Amino acid sequence: MKTQLFKKDFITTQDWSVDELQTMIDVGLKLKADFAMGAPQDHILRAKTLYMLFFEESTRTRNSFETGMTQLGGHAIYLTPKATQVGHGENARDTGKVLGSYGNAIAVRDCRTGIGQKYLYEMAKHAPVPIYSMQDDVDHPNQAMADLMTMQELFGRNLRGRKFVISWTYAPKYVRPLSVPQSLLMLMPRFGLDVTLVYPKGYHLMPEIMEIARKNAEAAGVKLEETHDMDAAFADADFLYPKSWGPIMVTEEEAEVEAMAAQHEDWRVTQERMKLAKKHAVYMHCMPIDRGHEADDEVIDGPQSVIYQQAENRLHIQKALMALTMGGRW
Ligand code: CP
């Protein structure tokens, strides 16, 4: 178990070793069990402060981080560009240095294409405290780790040889970032999973992320396949992670996005499609789900769905991250 993680940034799982990531899951499982038993946790981050800067809205991420800080004895402060001088152009360096001189960690959600993750790394270069990604244009590491924690709870720690499918699905309006599929694509091969990525033409991911994922798969000795056939991809899967993302590598222009998506309304998860996977396969989604477009209610609310367990595990995995990087014996 690698526990020397004090002050370590968490902007992408790529910056952490497999052992360090497994430590985060193991601590998350312990905190989850202790919380269920009512064991005291409010000494772990007593009087410590997390700043949460959101460039975009959130239900799960904001509330799981904020609640996690309360449960560990600390305090979280919700910030937006409008509520701070960030909106008037104060840069990442100045914001990070100042907030870092008051509190103990800074978490940022910034999904602006070509800007978000760079902003986080710039802040991390100058802030004296750890920086966490709460989702950016490239990665959503806390989501991917909550998902992996859920998978280990369901199928055990050894996931080698299991098939994990990341599938594009139809959603009519909102242009979702590439960060969730990309975070899964990079992380899952490192934990022994064979990964299949399936999407209609035009919805490809960032080439540099594909390259990282291929290298991860090669190093781990697992398969990484890319296809445009949703039904073929679903065959024999253990984990199905179908979700919408925008054609960001092609366009973010609203009318073009809508026109492109409209050609693929049949990319929806139905009970019939679920039957193509293994009998024990689970349906996963980071939420929010566009019900009736991305998937049918009978799948989302059906016995194979683990979406609420994933959402709950956001709390426990982030508490582990904060305890390991802000607290501990230091
Ligand atoms: N999955 C996720 O990050 O949800 P929110 O956008 O509600 O935070």
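Residues numbered from 1 in each chain as written. Predicted model: local features only at pLDDT ≥ 70, side-chain atom pairs only at ≥ 80, totals over all residues. Heavy atoms only, no water.

Focus on the site of the ligand
If you check the shell around the ligand, you find S58, T59, R60, T61, R109, H140, Q143, C286, M287 and R314 and nothing else. The side chain of R109 places a nitrogen or oxygen atom 3.0 Å from an oxygen atom of the ligand. With respect to the ligand, the side chain of H140 contributes an N or O atom lying 2.9 Å from an oxygen atom. One can see that the ligand is located within the largest pocket. For the shell around the ligand, the per-class residue count stands at two nonpolar, five polar and three charged. (Near = heavy atom within 4 Å. Polar contact = N/O pair within 3.5 Å; in protein donor to acceptor, adjacent residues only side chain to side chain. 1 Å grid on protein atoms, 1.4 Å probe; cavity = no way out; pocket = protein on both sides within 12 Å on 5 of 7 lines; lining within 4 Å. Sits in = over half its atoms within 2 Å of the grid points. Nonpolar A, V, L, I, M, F, W, Y, C, P; charged D, E, K, R; others polar.)

Regarding the layout of surface pockets
In this structure, the largest pocket encloses a volume near 530 Å³. If you trace the largest pocket, you find 25 residues lining it, with R109, Q135, Y174, R176 and P177 closest to the centre. A per-class count over the lining of the largest pocket returns nine nonpolar, seven polar and nine charged. (Points joined across faces, edges and corners; volume = space filled by probe spheres on them.)

Some details on the pairing of strand β3 (residues 105-110)
Where a strand is regular, its side chains alternate between the two sheet faces. Of all six residues that make up β3, six are buried, and the element is covered over most of its length. A two-sided burial pattern is seen for β3, the buried positions comprising A105, A107 and R109 on one face and I106, V108 and D110 on the other. In this sheet, strand β4 (residues 131-136) lies alongside β3 in parallel orientation, the contact comprising four bridges. Along β4, the bridge assignment pairs D110 with D136. Crossover connection from β3 via helix α4 (residues 116-126) to parallel β4: handedness right-handed. (Buried < 20%, exposed > 50% of the residue type's maximum accessible area, 1.4 Å probe, protein only. Helix = DSSP H or I, 4+ residues; strand = E, 2+ residues; numbered from the N terminus. Pairing = 2+ DSSP bridges. Right-handed = clockwise from strand over helix to strand, strands pointing away.)

Thoughts on the sheet that holds strand β8 (residues 239-243)
One open sheet accounts for five strands, arranged β7-β6-β5-β8-β9; its pairing is parallel. The outermost strands of the open sheet, each flanked by one partner alone, are β7 (224-227) and β9 (282-283). Here β8 pairs with β9 via two bridges, running parallel. Looking at the pairing, L240 lines up with Y283 of β9.

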